[in-house]
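Spelled out from the first residue to the last, the chains are:
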Amino acid sequence: MPATSPLSSAARSIGASVTLQLNAAAARMRAEGEPVIHLGGGEPESLAPATALTAGIDLLKTGEVRYTPASGTPGMKDAVVAYTEQFYGRSIERTNVMVSAGVKQALMVALMALVDPGDEVVFPVPYWVSYPEMARIAGAVPVPVALEEGAHQPTVAAMEAALTDRTRAVILNSPSNPSGLILDKEFLTGVITMCQARGITVLMDDIYHRLVFGGKITTHCYECTEKSVDEAGILVLNGVSKQYAMTGFRIGWAVGPATLIKAMSNIQSHLSGGPCTISQASAVAALSGDQNSVEDLRDELEERRNETADLLESIPGVELNHPDGTFYCFADFSAFDADSTRLSNLLLEKVQVVTVPGIEFGMEGYLRVSFCGSMKDVREGVRRMRWLLNDNGSAELKAGDRVFAR
Ligand code: PMP
Ligand code: GLU
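Residues numbered from 1 in each chain as written. Chains lettered and ligands numbered in written order. Predicted model: local features only at pLDDT ≥ 70, side-chain atom pairs only at ≥ 80, totals over all residues. Heavy atoms only, no water.

S.K.: Please clarify how the sheet that holds strand 7 (residues 234–239) should be interpreted in this entry.
M.R.: Pairing between the strands of a sheet is mediated by backbone hydrogen bonds and can be parallel or antiparallel. The seven strands lie next to each other as 2-8-7-6-5-3-4, forming an open sheet whose pairing is mixed. Every other strand in the sheet has two partners, leaving strand 2 (97–100) and strand 4 (141–145) as the edge strands with one partner each. The average undirected angle you get between the axes of adjacent strands in this sheet is 20 degrees. Bridge analysis of strand 5 (residues 167–173) against strand 6 (residues 201–205) gives five bridges, and the strand direction is parallel. Across the sheet, asparagine 173 pairs through a bridge with aspartate 205, a residue of strand 6. (Pairing = 2+ DSSP bridges. Helix = DSSP H or I, 4+ residues; strand = E, 2+ residues; numbered from the N terminus. Axes fitted to C-alpha atoms, helices over the stretch in contact; angles between N-to-C directions.)

S.K.: For this particular structure, what's the right way to read the packing of aromatic side chains?
M.R.: Inspection of every chain in the model, using the stated rule, returns 13 aromatic pairs. Between the aromatic rings of tyrosine 83 and tryptophan 253, the centroid separation amounts to 5.3 Å while the plane-to-plane angle is 75 degrees, which identifies the pairing as edge-to-face. Remark: tryptophan 253 occurs in strand 8 (residues 252–255) and tyrosine 83 occurs in helix 4 (residues 74–88); sequence separation between them is 170 residues. Each member of the pair, tyrosine 83 as well as tryptophan 253, carries the same accessibility label: buried. Joined through ring pairs, the aromatic side chains of Phe123, Tyr127, Trp128 and Tyr131 make up one cluster. (Phe/Tyr/Trp six-rings, centres within 6.5 Å; stacked < 30°, edge-to-face > 60°. Buried < 20%, exposed > 50% of the residue type's maximum accessible area, 1.4 Å probe, protein only.)

S.K.: Which parts of the structure should I look at to understand the packing of helix 12 (residues 340–351) against helix 13 (residues 375–391)?
M.R.: Helix packing for two helices is described by the angle between their axes and how far apart those axes are. The N-to-C vectors of helix 12 and helix 13 enclose an angle of 105 degrees; their axes lie 11 Å apart at closest approach. Here helix 12 lies roughly perpendicular to helix 13, going by the angle between them. Listed contacts from helix 13 to Leu343, Leu346, Leu347, Lys350 and Val351 of helix 12 are Arg384, Met385, Trp387, Leu388 and Leu389. Along the lines of polarity and charge, the residues of the contact of helix 12 with helix 13 split into eight nonpolar, no polar and two charged. (Parallel < 35°, antiparallel > 145°, perpendicular 65-115°, else oblique. Contact = heavy atoms within 4.5 Å. Nonpolar A, V, L, I, M, F, W, Y, C, P; charged D, E, K, R; others polar.)

S.K.: Even after reading the chapter, I still don't get the sheet that holds strand 13 (residues 366–370), so can you show me in this structure?
M.R.: Taken in spatial order, the four strands of this open sheet run 9-10-13-12, and their pairing is antiparallel. The open sheet has two edge strands, strand 9 (319–320) and strand 12 (356–357), and neither has a second partner. Of the pairings in the sheet, the one linking strand 12 to strand 13 comprises two bridges and is antiparallel in character. From the neighbouring strand, proline 357 faces strand 13, where its bridge partner is leucine 367. Sheet strands touched by helix 12: strand 12 and strand 13. Its angle to strand 13, the strand with the most contacts, is close to 45 degrees.

S.K.: Would you take a moment to explain the side chain of histidine 220 for this structure?
M.R.: Along the chain, histidine 220 falls in the loop between strand 6 and strand 7. Apart from the residues lying within four places of it in its own chain, the contact partners of histidine 220 are Phe87 and Tyr88.

S.K.: Looking at this model, I keep getting lost on helix 8 (residues 185–198). Mind explaining?
M.R.: Since there are 3.6 residues in each turn of an α-helix, residues three or four apart along the chain are aligned in direction. With 14 residues, helix 8 ought to run about 20 Å at 1.5 Å a step, and its terminal C-alpha atoms sit 20 Å apart, in line with that. Listing the buried residues of helix 8 in full gives Phe187, Leu188, Val191, Ile192, Met194 and Cys195. Seen along its axis, helix 8 keeps its buried residues to an arc of 165 degrees; they face one direction. The exposed residues of helix 8 that point more than 90 degrees off its buried face are Glu186 and Ala197. In this structure, the buried side of helix 8 is in contact with helix 7 (156–162), strand 5, strand 6 and strand 7. Glycine 199 sits one or two positions beyond helix 8 and adopts a positive phi of about 70 degrees. (Expected span 1.5 Å × (residues − 1). Arc of directions from axis to C-beta.)

S.K.: Got a minute to help me understand the site of ligand 2 in this structure?
M.R.: Residues in contact with ligand 2, as listed here, are Ser17, Thr19, Leu20, Gly42, Lys104, Trp128, Asn177, Tyr208, Lys242, Tyr328 and Arg368. One of the side-chain nitrogen or oxygen atoms of lysine 104 is found 2.8 Å away from an oxygen atom of ligand 2. In the complex, the protein chains occlude 89% of the 290 Å² of accessible area that ligand 2 would expose alone. Taken together, the residues of the shell around ligand 2 sort by class into four nonpolar, four polar and three charged. (Near = heavy atom within 4 Å. Polar contact = N/O pair within 3.5 Å; in protein donor to acceptor, adjacent residues only side chain to side chain. Areas by Shrake-Rupley, 256 points an atom, 1.4 Å probe, with all protein chains shown as cover.)

S.K.: How do you make sense of the site of ligand 1 when you look at a structure like this?
M.R.: Residues in contact with ligand 1 amount to 13 residues; listed here are only the nearest, Val103, Asp205, Tyr208, Ser241 and Arg250. Within the backbone of valine 103, an N or O atom sits 2.7 Å from an oxygen atom of ligand 1. Within the side chain of arginine 250, one N or O atom sits 2.7 Å away from an oxygen atom of ligand 1. In the complex, 93% of the free accessible area of ligand 1, which totals 400 Å², lies under the protein chains. Among the residues forming the shell around ligand 1, the class breakdown is five nonpolar, four polar and four charged.

Right, here's the structure in full:
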């Protein structure tokens, strides 16, 4: 037997999720007693709704924890049917729904159902870290569409210019991780119409759609087309991770044309089978129970967004477009270092503050700063950043010093 296992080109073309790696690094540093401030996280710190916890415990107590259909339980599909009616104004059937182990799995399975080797998957910059890697795992070529100079929003023309006869899918995320930008109706309508004309599937990652601020509402995809869910060529992805603070339950779903959902469900039946039975019971309870926790989380995040944005803007040199949703500020730190990985490493090394380098989202010079953790951490983290970057001279001057001792 050869000493090493040769890896596939897909495996060789990707790395581990940087966001998850940073979570692990922050936890490790904390366990080692480092005074680390984690501003790189991507999950709310609130608890899952009590009804969701109780539903999971009740099922567990029966011991009847069995396989479910690969595409999800009828109860969970019905909850997604009701959710789609409520938030998207469309009546759908169970056959339009696949439940999955988080939006991550639904997205990955969708790409596996849509692309052949060498096909292209298009998405605007800045993009969520996993989109290019998922496209590569599926054998496709990721095609990020850069923002025009000085622009904060992608344009339909730039998206159109990126489409080729190999494009099979366009991924849109509104509000966006990392920028918090809500895509406007004109852009969404333009992209959806263009994709429909070319037979390209639009994957709408709506995982943050209820976590929006300032009275804003996200335009949803079905406001941009008259076509039915079966004919619109759109797959909507959502889940319980963010809106119900249920990241560890690993439940997401996809809503779209029955033929695509069937193909995806076939793939999922071999990949993992049905999602965790206990988690599906909890997710049904979250979706059908009292929705106050979502509103409370949204209110809380809006306050945190306001304060975090003010704090970041108090660092001379930092430029920020206030996020309209999510729990991230994506700020321009290029005045300090155009290399975001180097700057993020410097912040970690010198003042033990974790941020995510903008380059992981396709934009150099930026850092993503999360405000889903405690505000005490955000205040202390930004204080340390300002201290290192401004108050005490330039970052270079601090090279070699360790600023915060254990
Ligand atoms: N899409 C975006 C934009 C995200 O930020 C996340 C968070 N990890 C996901 C998808 C995946 O979420 P999950 O798999 O927990 O549903
Ligand atoms: N979506 C979150 C983030 O971007 C969670 C981490 C992940 O799943 O990659 O930080």
